[in-house]
Amino acid sequence: CNARDDTMIHVISGRDLDNVMGMLREESFTYAGNHGLKICYAKGRVEESARNWCHEDVDHYTTRATELAGVIENAIAGIAGAWVERKGPTVTCHYRETAPAERVVVASAAQQAIEEAGFQPRRAHMAVEARPPIGWDKGRAVLQILRTLYGPSWSESMRVVYVGDDDTDEDAFRMLVGLGVTFRVGTLVRSTAATRRLRDPESVRRLLEYIAAQPNRFNPRQSPETTGLARPPSIAGQLKTFHLR
């Protein structure tokens, strides 16, 4: 997909920004870490001095998150398999590797510590996340990226395909209603704001292969005025009928 002239890839993650960039090491991608509190735009897409963007409250909450991580670590001390991930302005308490009977104990202790610290607790897969109470999520991060790279009228020249497998991706699914095609990955989720579902990572791979194989229809590096298209044809339109089982 990244080789297409009409397709660009952006990675939105709850991981720390440096962590997710280190995993992929592709400068032509735009990366959003910490649910979009930190963004690094694709090389060559914005001025070099503007590539790295941070929410204005990141520094303040990074200090507070460090303190919160210590409190959670003390609260779950002695529970085998439970651990705390420090991610700058956010913190995640993981309990995937704990005994089933201990998971409720870990989750409750983490949630209580998060609430008492003034952060927002969010349940993730076998984890509890602490987010700053600043009304920022993956949905707002998506809009930040789209507006920065393609301008305030981006929806007139761009279509979005968003794929996610986590509850935190629901914020992006809701934000993109009517603006693109969204896919929730996994079979255990009963309800989702996504427009379509994909069974597993193999289905995601097949989706990407499908996109990569489509004819090149529009170059997002050109404006609608340059191409003469008011609302350009898009791959996303074809994906309305793409639903892997």
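Residues numbered from 1 in each chain as written. Predicted model: local features only at pLDDT ≥ 70, side-chain atom pairs only at ≥ 80, totals over all residues. Heavy atoms only, no water.

A. Highlighting the overall build of the protein chain. Summing up its helical and strand segments, the protein chain has eight helices and 11 strands in all. When the 245 residues of the protein chain are sorted by exposure, 45% land in the buried category. Taking contacts inside the protein chain between residues at least 6 apart in sequence as the whole, the part at least 24 apart equals 49%. Total accessible area computed for the protein chain in this model is approximately 12700 Å², and 48% of it derives from carbon and sulfur atoms. (Helix = DSSP H or I, 4+ residues; strand = E, 2+ residues; numbered from the N terminus. Buried < 20%, exposed > 50% of the residue type's maximum accessible area, 1.4 Å probe, protein only. Contact = heavy atoms within 4.5 Å. Areas by Shrake-Rupley, 256 points an atom, 1.4 Å probe, with all protein chains shown as cover.)

B. Representation of helix H3 (residues 100-116). Helix length check: H3, at 17 residues, gives a terminal C-alpha distance of 25 Å against a target of 24 Å (1.5 Å per residue), a fit within 8%. Buried residues of H3: Val-106, Ala-107, Ala-110, Ala-113 and Ile-114, and no others. Seen from one end, H3 has its buried residues packed into an arc of 135 degrees, which puts them on one side. Opposite the packed face of H3, turned more than 90 degrees from it, sit the exposed residues Ala-101, Val-104 and Glu-116. Those residues of H3 hidden inside the fold are in contact with helix H2 (58-75), strand E6 (90-94), strand E7 (120-124) and strand E8 (127-131). Residue Gly-118 follows H3 closely and has a positive phi angle near 85 degrees. (Expected span 1.5 Å × (residues − 1). Arc of directions from axis to C-beta.)

C. How the structure looks around the side chain of Asp-16. Mapping Asp-16 onto the fold places it in the loop between strand E1 (10-12) and helix H1 (17-24). No salt bridge is formed by the buried Asp-16. Its closest oppositely charged neighbour is Lys-38, at 4.5 Å. Here Asp-16 is in contact with Gly-33, Asn-34, Lys-38, Lys-87 and Gly-88, once residues within four sequence places are set aside. (Lys, Arg positive; Asp, Glu negative; His and termini not counted. Salt bridge = Lys/Arg side-chain N within 4 Å of Asp/Glu carboxyl O.)

D. Quick look at the environment of Thr-62. Note that Thr-62 resides in helix H2. The exposure class of Thr-62 is partly exposed, given its relative accessible area of 24%.

E. The arrangement of the sheet that holds strand E5 (residues 83-87) in detail. Ordered in space as E5-E6-E8-E7, the four strands form an open sheet in which the pairing is antiparallel. A single partner strand is all that each edge strand has here, and the edge strands are E5 and E7. For this sheet the average axis-to-axis angle between neighbouring strands, irrespective of direction, equals 20 degrees. Note: E5 against E6, five bridges, orientation antiparallel. When the bridges of E6 are listed, Val-84 appears paired with Cys-93. Lying on the sheet, H2 is in contact with E5, E6 and E8; it crosses E5 at an angle near 175 degrees. (Pairing = 2+ DSSP bridges. Axes fitted to C-alpha atoms, helices over the stretch in contact; angles between N-to-C directions.)

F. Summary view of the sheet that holds strand E3 (residues 38-40). An order of E1-E2-E3-E4 is seen for the four strands of this open sheet, with the pairing classed as mixed. Because the sheet does not close on itself, it has two edges, and the strands there are E1 and strand E4 (52-54). Averaged over neighbouring strand pairs, the angle between their axes works out to 10 degrees when direction is ignored. The sheet contact formed by E3 and E4 spans three bridges and is antiparallel. From the neighbouring strand, Cys-40 faces E4, where its bridge partner is Asn-52. Packed onto the sheet, helix H4 (residues 138-150) meets E1, strand E2 (30-33), E3 and E4 and runs at close to 155 degrees relative to E1.

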